[in-house]
Amino acid sequence: MSRMPSIAGDFLSLLTEHKLPPFRPNATAGAPIETQATTVFAFHFAEGILMAGDRRATAGNVIVTDRVDKVIEIDATSLLAIAGVPATAFEMARVLQTSFEYYRRSQLQSLSLSAKVRALARLLRENLPMTMQGVGIVVPLFAGLDHSVSPAKPQVYFYDPLGAQFQAVGYAASGSGSGTIRSILSFQESHGTPRPSEMNLKQAVQFGLRLLMTASEFDSATGGVNPATETFATIKLLRSSGVETITEQQQKQFLNS
Amino acid sequence: MTEEPYRWLEAVGNRREYVREQLKGGSPVFAASLPDGILLLGVGGGQSKVFELFDRHALAGLGHPADIEKIRMTAIDAAHMEAFTRAPEDVSLRRLVSFGLSPQLKTNFEQIFSAPFLVELLLAEIGSTPENDLLVRLHYDGSFETQKGGISVVASQPDAEPAVHRWLSETAKGKNSRTEMADLLLQAWWCLTANKSFESVPVEEERRQGWRELARDKVVELGWLARTPTRPARYEPLTLAQLDL
């Protein structure tokens, strides 16, 4: 009735057995060049990690939409922020969502944080042909809970397009507006009061929204935050207890308070 | 031998007897549809009996742990493949059982030179309302019965199931909380395990004391499929302490 998969609990192996690999090994030479532009970031605050992103999707100088969610809940304790080609990035998110839940349900235990971090690195490596041809680059951020300590500790990782993974000490950012964000975060961490890691929830959300407002001033591909037009960001928190979403209504309240 | 039809029938009959004999003494499992979700309950000696299958689906079973494991994995593989290639909303218990588990169990049961699956199973799918909850009782030979909402029981002795089902359906009226239902299911578990008649059921206090004593050195497994979606995965394992039992 059931057969043992080549790697127990590995959903990618199951897909391969059914001849349904999520990523094509080769891109065609005539594939259209897609541009990518975005701003996503994550930083440690007093209660955990805040991960946020603007909601604009562009193709060249065309604004496609201002309603994209680039911070995605992968499971109850993992977040992914995507920067890069949306088609590839959203597919990676879908593969991770199914893979993590498949492992948890089939093996009756959750994947470790290290394994989750490597699972994303593996997808980036498998996407290498597309990345090298410039048609499928993805440079994500990942946040997960480290259960090897008690209480579980939220951690942030950033990647290069080839799949190398790095743990962020205080913050990480990706996308075309990330230069601005990193500069501000670095300044605030070194000279600001309070430092991002000392901020409470209200301060962290306000700070996050203002970071995106600033990034959008310098990067046309980053959608701004404008309460007057009800344009907000996607903001999710990762605490020891798991993932939580800061809704648009909450963002509005935090900005006005 | 099997070229002769009556020999084949005899062999299949022997397999039924063999499976029923092997399942004797198995600890019953239950599923109950409540206003806020579906409660699944099993009592074992350490081997798991209640499992999450997919976002809205769960499984409870009795039988050989290795056979339950094979069927659990088959269901999980099929559900996740369906969710990935189509969408999580397309994973349905009806299709999972009708086109996946049931035909495979039937094929296996009728291949008389291979070992039959020693399992009796109960599968649950949470719906938008209790009336839309689906409970499927799946047998070792691939046959199955479906019901919308209500309570479903898997007993090691098939003869006992109608009686306990009737008693539970009657007694559960008005019991809408997880705690009340878990307590009642454990009373039914004790009656079945201690071979109490459902024609003259012991009084409630005796039943309650009975399950507490009998379950003392066992593991009570509780699974909860929540009706209100706070996350895609609705399943949550519960403990007796969480239910104040």
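These numbers come from a predicted model, not from an experiment.

Visitor: Quick question: what am I supposed to make of the overall build of chain B here?
Guide: A tally of regular secondary structure across chain B gives six helices and 10 strands. Its C-alpha radius of gyration of 18 Å places chain B within 12% of the 18 Å reference for a compact globule of 245 residues. The C-alpha extent of chain B, read off along each of the three principal axes, is 60 × 45 × 30 Å. The buried share of chain B, reckoned over its 245 residues, is 53%. Here the analysis covers contacts within chain B between residues at least 6 apart in sequence; of these, 62% occur between residues at least 24 apart. Surface accessibility of chain B: about 11200 Å² in total, with carbon and sulfur atoms responsible for 50%. For chain B, the distance from the average site of its 28 positive side-chain charges to the average site of its 35 negative ones is 1 Å.

Visitor: Explain the layout of surface pockets here, please?
Guide: The probe, sized like a water molecule, is rolled over the atoms to show the empty space still left. Considered as a void within the structure, the largest pocket measures approximately 450 Å³ in volume. Listed by contribution, the elements that provide at least two residues to the lining of the largest pocket are strand 5 (71–75) and helix 2 (86–107) of chain A together with helix 2 (65–85) of chain B. Counting residues per element, the lining of the largest pocket draws most heavily on helix 2 of chain A, which supplies five residues.

Visitor: Looking at this structure, I do not really get the pairing of strand 7 (residues 144–148) of chain B. What am I missing?
Guide: Side-chain positions along a regular strand alternate between the two faces of the sheet. Pairing of strand 6 (residues 134–138) of chain B with strand 7 of chain B, which is carried by five bridges, proceeds in the antiparallel orientation. Paired with Leu-134 of chain B across the bridge in strand 7 of chain B is Lys-148 of chain B.

Visitor: Help me understand the nonpolar core in this model?
Guide: Generally speaking, nonpolar side chains in soluble globular proteins are found buried as a group. If you look at the biggest cluster of nonpolar residues, it comprises 50 residues, and the most contacted ones within it are Leu-80, Leu-120, Phe-142 and Tyr-159 of chain A together with Leu-123 of chain B. A per-element tally of this core places helix 2 of chain A first, with eight residues. Excluding residues within four positions of it along the chain, Tyr-159 of chain A makes contact with Val-117, Leu-120, Ala-121, Leu-124, Val-139, Pro-140, Phe-142, Ala-164 and Gln-165 of chain A. Judged by nonpolar contacts, the second largest core, of 34 residues, contains Trp-167, Leu-168, Met-181 and Leu-192 of chain B.

Visitor: Is there a simple way to explain the packing of aromatic side chains in this structure?
Guide: Aromatic ring pairs are reported here in terms of the distance separating the ring centres and the angle at which the planes meet. A full pass over the atoms with the stated rule returns eight aromatic pairs over all chains. Taken together, a centroid distance of 5.3 Å and an interplanar angle of 25° make the contact between Phe-158 of chain A and Phe-166 of chain A stacked. On the basis of relative accessibility, which here comes to 30%, the residue Phe-158 of chain A falls in the partly exposed class. Among the aromatic residues, those joined into a cluster by ring pairs are Phe-11 and Tyr-102 of chain A together with Phe-84 of chain B. Taking NZ or CZ as reference, Arg-94 of chain A lies 4.3 Å from the ring centre of Phe-84 of chain B, over its face. For the cation-ring pair, Arg-178 of chain B lies above Trp-224 of chain B, with the distance from its terminal atom to the ring centre recorded as 4.8 Å.

Visitor: Looking at this structure, how should I read the confidence of the model for chain B?
Guide: The predicted structure's coordinates, where accompanied by low pLDDT, should not be read in detail. Per-residue confidence for chain B gives a mean pLDDT of 95, with 99% of residues at or over 70. Both confidence scores are given for the complex: pTM 0.92, ipTM 0.94.

Visitor: When you look at unusual backbone geometry in this model, what are you seeing that I'm missing?
Guide: Leave glycine aside and you will find that most residues have negative phi; peptide bonds, for their part, are mostly trans. Look at the link from Ser-150 of chain A to Pro-151 of chain A: it is a cis peptide, with omega at -5°. Tracing the backbone shows Pro-151 of chain A in the loop between strand 7 (141–146) and strand 8 (153–159). That bond from Thr-193 of chain A to Pro-194 of chain A is cis: its omega, -5°, falls within 30 degrees of zero. Secondary-structure assignment places Pro-194 of chain A in the loop between helix 5 (178–191) and helix 6 (201–218). One non-glycine residue, Glu-230 of chain A, lies in the positive phi region at around 60°. Assignment of secondary structure puts Glu-230 of chain A in the loop between helix 6 and strand 11 (234–239). The phi dihedral of Asn-195 of chain B is positive, around 55°, even though this residue is not glycine. Locating Asn-195 of chain B in the fold gives a position in the loop between helix 5 (178–193) and helix 6 (204–214). When its relative accessible area of 70% is taken as the criterion, Asn-195 of chain B is described as exposed.

The rules behind the values
Residues numbered from 1 in each chain as written. Chains lettered and ligands numbered in written order. Predicted model: local features only at pLDDT ≥ 70, side-chain atom pairs only at ≥ 80, totals over all residues. Heavy atoms only, no water. Helix = DSSP H or I, 4+ residues; strand = E, 2+ residues; numbered from the N terminus. Rg over C-alpha atoms; globule rule 2.2 N^0.38 Å. Buried < 20%, exposed > 50% of the residue type's maximum accessible area, 1.4 Å probe, protein only. Contact = heavy atoms within 4.5 Å. Areas by Shrake-Rupley, 256 points an atom, 1.4 Å probe, with all protein chains shown as cover. Lys, Arg positive; Asp, Glu negative; His and termini not counted. Charge placed at Lys NZ, Arg CZ, Asp CG, Glu CD. 1 Å grid on protein atoms, 1.4 Å probe; cavity = no way out; pocket = protein on both sides within 12 Å on 5 of 7 lines; lining within 4 Å. Points joined across faces, edges and corners; volume = space filled by probe spheres on them. Pairing = 2+ DSSP bridges. Core = buried A, V, L, I, M, F, W, Y, C linked by side-chain atoms within 4.5 Å. Phe/Tyr/Trp six-rings, centres within 6.5 Å; stacked < 30°, edge-to-face > 60°. Lys NZ or Arg CZ within 6 Å of the ring centre and 35° of its normal. pLDDT = per-residue confidence, 0-100.

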